[in-house]
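Chain by chain, the residues:
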Amino acid sequence: MLNVVIFGPPGSGKGTQSEQIIDYFGLGHISTGDILRAEIKEGTELGKIAASFIDRGELVPDATIIGMLENKLNALKSSKGVIFDGFPRTVAQAEALKEMLAKRGESIDVMLNLEVERQELIARLLKRGETSGRSDDNLETIEKRIGVYEAQTAPVIDFYKSEGSYHGIRGVGSVSEIFERIKEAISACAA
Ligand code: C5P
Ligand code: MG
């Protein structure tokens, strides 16, 4: 199996590049943000909890996210591998993921960190906000999300550096240029 974490700050292109990776490598997709937004739409208990955090640009507590992920992982048992998009968001989530995969005889093969500077992130997310309908794509919440990323999520980089699966990817350019960089990184580690 090929298990990939796609990582980076909000607006770095995780969802866009996930689509490319899924088409090319035939992986299953777990986007925790998409799952949470679907729960909100359906008005579930989880959705009600999640909405209060998402609207403020904050992170849903680790225990909630980890439980949700375990369910998804069980549903994808027979896939060729999984791309984790928007997860792990904290070191505790990264440790839980490692444990969950180890129980299945699996591990993360590669962590791709999409590197994009702050001004570009803000510009992209404001543009997306014009059509996304997302409650968190407005300037105030975007700035909050980037701050939460720096404080709580960026430490995940060191976790994967020490695991030996870290790859930095320049996340600026066309979708296909960035995907070429990703293909190279995945091919190098899957060889
Ligand atoms: O990954 P995405 O940008 O779609 O996530 C949107 C929001 O969902 C985050 O800003 C956060 O509020 C919530 N989220 C979370 N924990 C995750 C993934 C998403 O709290 N692991
Ligand atoms: Mg996304």
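Shown above is the structure to which this text applies.
The rules behind each value
Residues numbered from 1 in each chain as written. Chains lettered and ligands numbered in written order. Predicted model: local features only at pLDDT ≥ 70, side-chain atom pairs only at ≥ 80, totals over all residues. Heavy atoms only, no water. 1 Å grid on protein atoms, 1.4 Å probe; cavity = no way out; pocket = protein on both sides within 12 Å on 5 of 7 lines; lining within 4 Å. Points joined across faces, edges and corners; volume = space filled by probe spheres on them. Helix = DSSP H or I, 4+ residues; strand = E, 2+ residues; numbered from the N terminus. Nonpolar A, V, L, I, M, F, W, Y, C, P; charged D, E, K, R; others polar.

Trainee: Any chance you could explain the layout of surface pockets here in plain terms?
Mentor: Its volume calculated, the largest pocket comes out at about 990 Å³. The wall of the largest pocket is formed by 44 residues, among which Lys14, Arg37, Arg128, Arg134 and Arg145 lie closest to the centre. For the lining of the largest pocket, the elements supplying multiple residues, two or more each, are helix H1 (14–25), strand S2 (28–31), helix H2 (32–42), helix H6 (118–132), helix H7 (139–153) and helix H9 (175–190).

Trainee: How should empty space enclosed by the protein be read in this particular structure?
Mentor: Rolled over the atoms, a probe sized like a water molecule indicates the empty space that remains. In the structure shown here, the tally under the stated rule is one cavity of 30 Å³ or more. Of the volumes computed, that of the largest cavity is approximately 40 Å³. In terms of lining, the largest cavity is formed by Ile6, Phe7, Gly8, Lys14, Gly86, Phe87, Pro88, Arg89, Tyr149 and Thr153. Broken down by secondary-structure element, the contributors of at least two residues to the lining of the largest cavity are strand S1 (2–7) and H7. A class-by-class count of the residues in the lining of the largest cavity yields five nonpolar, three polar and two charged.

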